[in-house]
Amino acid sequence: MSPADPDLQASIRTIPDYPKPGIMFRDITTLLGDARSFRRAIDDLVQPWAGMKVDKVAGIEARGFILGGAVAHQISAGFVPIRKKGKLPHKRVSVAYALEYGEDVIEMHADALVSGERVILVDDLIATGGTAEGAVKLLRKLGAEVLAACFVIDLPDLGGAEKLRKLDVPVRTLVSFEGH
Ligand code: AMP
């Protein structure tokens, strides 16, 4: 389900102690800037669902917009942005999700999809899975069928992919890094 891709892994830059001490920040701007790596990531992210009917791709702010927009184009689906609280102008649905300290809120437009639509969720990285879990709840609130959640990077030690699988969401990741 989650193939290791050494070339893709090498295209991701790691910045130690960013944005705070102890965090290894996995920077995908180097992947995005390399045409071959970018195309490969987009092709591989949704490969198991190629040829299936997918109505919408939902991308999580902000790096999920770049990847999700390209994926949506690739599979001829619509794109739905999932944004931090207060950014969307029309009628919204919201969900609170846990952060390391405290909580945050993500939102979608209430008319971004109709009940029964088949949706793939996309973001750059899954760590604790809190953000993606919130996004799945938001999509299901509107009646979406969440076909899968796709991430370029998995941090398996933090358990996020397992958390999503327990919600019956198939998870696809392309590369993984130890630790956090
Ligand atoms: P989580 O909710 O813990 O799964 O965190 C996932 C979100 O935080 C994603 O949108 C990532 O872009 C970002 N994130 C978490 N940890 C990292 C990291 N080590 N490097 C880069 N982005 C991260």
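Provided above is the structure to which this section pertains.
These numbers were taken from a predicted model, which means no experiment stands behind them.

(A) Layout of the packing of aromatic side chains. As enumerated under the stated definition, the model contains 2 aromatic pairs in all. Consider the rings of tyrosine 18 and phenylalanine 25, whose centres lie 5.2 Å apart with planes at 85 degrees: the pair is edge-to-face. Between phenylalanine 65 and phenylalanine 79 the ring centres are 6.0 Å apart and the planes differ by 85 degrees, which places this aromatic pair in the edge-to-face class. Residue phenylalanine 65 is located in helix α4 (residues 63-74), and its partner phenylalanine 79 is located in strand β4 (residues 78-84); the two are separated by 14 residues in the primary sequence. According to the relative accessible area criterion, phenylalanine 65 is partly exposed, its value standing at 24%. Exposure remark for phenylalanine 79: the relative accessible area of 32% places this residue in the partly exposed category. The ring of phenylalanine 177 is capped by arginine 26, whose NZ or CZ atom sits 4.0 Å from the centre of that ring.

(B) Expanded view of the pattern of salt bridges. Tallied over the entire structure, the rule returns 12 salt bridges. Two residues, lysine 53 and aspartate 55, come together in a salt bridge whose shortest N-O distance is 2.8 Å. For aspartate 55, a relative accessible area of 19% translates into the label buried. Note that glutamate 117 and lysine 56 form a salt bridge whose closest N and O atoms lie 2.9 Å from each other. One end of the pair, glutamate 117, is in the loop between β6 (103-109) and β7 (118-126); the other, lysine 56, is in strand β3 (residues 56-60), with 61 residues separating them in the sequence. Each member of the pair, glutamate 117 as well as lysine 56, carries the same accessibility label: buried. Through salt bridges with shared partners, a single network forms among Asp5, Asp7 and Arg40.

(C) Fine view of the site of the ligand. The ligand sits among 14 residues. The nearest are Asp123, Asp124, Thr128, Gly129 and Thr131. The contact in question runs from an oxygen atom of the ligand to an N or O atom on the side chain of aspartate 124, over 2.8 Å. Alanine 127 places a main-chain nitrogen or oxygen 2.9 Å from an oxygen atom of the ligand. Computed on the free molecule, the ligand has an accessible area of 490 Å², of which 81% lies beneath the protein chains in the complex. If you list the elements that add at least two residues to the shell around the ligand, you get β2 (24-27), β7 and α5 (130-141). Of all the elements, β7 adds the most residues to the shell around the ligand, at 4 residues. Looking at the shell around the ligand, its residues break down into 6 nonpolar, 4 polar and 4 charged.

(D) Region of interest: the side chain of aspartate 55. With respect to the helices and strands, aspartate 55 occurs in the loop between α3 (35-45) and β3. Separated by 2.8 Å, the side chains of aspartate 55 and lysine 53 make a polar contact. Within polar-contact distance, the side chain of aspartate 55 engages the backbone nitrogen of arginine 118 at 2.7 Å. Discounting residues that sit within four places of it in the chain, aspartate 55 has contacts with Ala77, Gly78, Glu117 and Arg118.

Parameters at a glance
- Residues numbered from 1 in each chain as written.
- Predicted model: local features only at pLDDT ≥ 70, side-chain atom pairs only at ≥ 80, totals over all residues.
- Heavy atoms only, no water.
- Phe/Tyr/Trp six-rings, centres within 6.5 Å; stacked < 30°, edge-to-face > 60°.
- Helix = DSSP H or I, 4+ residues; strand = E, 2+ residues; numbered from the N terminus.
- Buried < 20%, exposed > 50% of the residue type's maximum accessible area, 1.4 Å probe, protein only.
- Lys NZ or Arg CZ within 6 Å of the ring centre and 35° of its normal.
- Salt bridge = Lys/Arg side-chain N within 4 Å of Asp/Glu carboxyl O.
- Near = heavy atom within 4 Å.
- Polar contact = N/O pair within 3.5 Å; in protein donor to acceptor, adjacent residues only side chain to side chain.
- Areas by Shrake-Rupley, 256 points an atom, 1.4 Å probe, with all protein chains shown as cover.
- Nonpolar A, V, L, I, M, F, W, Y, C, P; charged D, E, K, R; others polar.
- Contact = heavy atoms within 4.5 Å.

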